[in-house]
Amino acid sequence: MKQKLKELTKRSNGWGNEYRILKLKQYIMGWLNYYKLADMKVILKRTDEWLRRRIRAIYWKQWKKVKTRYKMIKKYNIPEWKVHEFANCRKGIWRSTIMLNSVLTNKEIVNLGYMTMTDYYSKICEN
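Below, the structure is looked at part by part. (Residues numbered from 1 in each chain as written. Predicted model: local features only at pLDDT ≥ 70, side-chain atom pairs only at ≥ 80, totals over all residues. Heavy atoms only, no water.)

1. Here's the deal with the overall build of the chain
Right, on to step 1. Counting secondary structure elements, the chain contains eight helices and zero strands.
Right, on to step 2. N-terminal to C-terminal, the α/β element order of the chain is α-α-α-α-α-α-α-α.
Right, on to step 3. By the burial criterion, 38% of the 127 residues in the chain qualify as buried.
Right, on to step 4. The contacts in the chain between residues at least 6 apart in sequence include a share of 68% that link residues at least 24 apart. (Helix = DSSP H or I, 4+ residues; strand = E, 2+ residues; numbered from the N terminus. Buried < 20%, exposed > 50% of the residue type's maximum accessible area, 1.4 Å probe, protein only. Contact = heavy atoms within 4.5 Å.)

Shown next as structure tokens:
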């Protein structure tokens with residue numbers, strides 16, 4: 001499952017965000033409907049955290065320039081000094097996604113259209 005999720009969330013596959021959201025929803029719904037009898041709440045929670053971090057990495061990569069990062073982060077009503085600090089971060093993509101937790105929160109990722117595995121599992125769970 002994790003290998004397929006990694007393939008669907010590759011930054012270099014050239015998909016748009018809408019298509020990526022659609023493919024992720026299809027895969028998650030199909031996979032969870034097939035394995036809904038299994039007790040896997042902890043595994044899904046860990047996988048969900050990892051998947052959200054990959055999604056943040058996708059958006060960080062899309063905001064290539066400092067000016068774009070500054071503009072996009074500023075939309076989330078964060079203090080000016082913090083926006084400047086985030087936008088000028090020179091850490092790698094994976095490391096920068098940790099700081100993006102305060103900008104692209106879990107609720108914001110759901111608002112973008114992504115599905116959480118734990119929420120869908122709790123809807124269809126028979127245990």
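2. Description of the packing of aromatic side chains
Right, on to step 1. All told, the structure shown has five aromatic pairs when counted by the stated rule.
Right, on to step 2. A ring pair is formed by Trp15 and Tyr19, whose centres lie 5.1 Å apart and whose planes are at 85°; its orientation type is edge-to-face.
Right, on to step 3. Aromatic side chains Tyr34 and Tyr35 sit 4.8 Å apart centroid to centroid with 80° between the ring planes, which places their arrangement in the edge-to-face category.
Right, on to step 4. Residue Tyr34 is classed as exposed on the basis of its relative accessible area of 65%.
Right, on to step 5. Taken together, Trp31, Tyr34 and Tyr35 form an aromatic cluster joined through their ring pairs.
Right, on to step 6. In this arrangement the basic side chain of Lys2 is found over the ring face of Trp50, its NZ or CZ atom lying 4.8 Å from the centre. (Phe/Tyr/Trp six-rings, centres within 6.5 Å; stacked < 30°, edge-to-face > 60°. Lys NZ or Arg CZ within 6 Å of the ring centre and 35° of its normal.)

3. Quick look at the packing of helix H2 (residues 17–34) against helix H8 (residues 117–124)
Right, on to step 1. Taken N-terminus to C-terminus, the directions of H2 and H8 make an angle of 40°; their axes are 10 Å apart at the nearest point. In terms of their interaxial angle, H2 and H8 are classed as oblique. H2 and H8 meet at a crossing whose hand is right-handed. Contacts from Ile28, Met29, Leu32 and Asn33 in H2 reach Met117, Tyr120, Tyr121 and Ile124 in H8.
Right, on to step 2. For the contact of H2 with H8, the per-class residue count stands at seven nonpolar, one polar and no charged. (Axes fitted to C-alpha atoms, helices over the stretch in contact; angles between N-to-C directions. Parallel < 35°, antiparallel > 145°, perpendicular 65-115°, else oblique. Left-handed = near helix turned anticlockwise from the far one by under 90°. Nonpolar A, V, L, I, M, F, W, Y, C, P; charged D, E, K, R; others polar.)

4. So, the packing of H2 against helix H3 (residues 41–62)
Each pair of packed helices can be described by the angle between their axes along with the distance between the axes.
Right, on to step 1. Following both chains from N to C, one finds H2 and H3 inclined at 170°, their axes separated by 13 Å at the closest point. One finds that H2 runs roughly antiparallel with respect to H3. Residue-level inspection shows Asn17, Arg20, Leu24, Ile28, Trp31 and Leu32 of H2 in contact with H3, the latter providing Leu44, Leu51, Ile58, Tyr59 and Gln62.

5. Considerations on the environment of Gln26
Right, on to step 1. Checked against the element boundaries, Gln26 lands in helix H2.
Right, on to step 2. For Gln26 and Met115, which are 89 residues apart along the polypeptide, the C-alpha to C-alpha distance reads 9.9 Å.

6. Quick look at the pattern of salt bridges
Right, on to step 1. Enumeration according to the criterion identifies three salt bridges in this entry.
Right, on to step 2. With a shortest N-O distance of 3.8 Å, Lys4 and Glu7 are connected by a salt bridge. Taken together, the positions of Lys4 and Glu7, both in helix H1 (residues 2–8) and three residues apart, correspond to about one turn of that helix.
Right, on to step 3. Relative accessible area serves as the criterion here: at 44%, Glu7 is assigned to the partly exposed category.
Right, on to step 4. Across the pair Glu85 and Lys82 runs a salt bridge whose closest N-O atoms are separated by 3.4 Å. Of this pair, Glu85 and Lys82 both sit in helix H5 (residues 80–87), three residues apart, which is roughly one turn of that helix. (Salt bridge = Lys/Arg side-chain N within 4 Å of Asp/Glu carboxyl O.)

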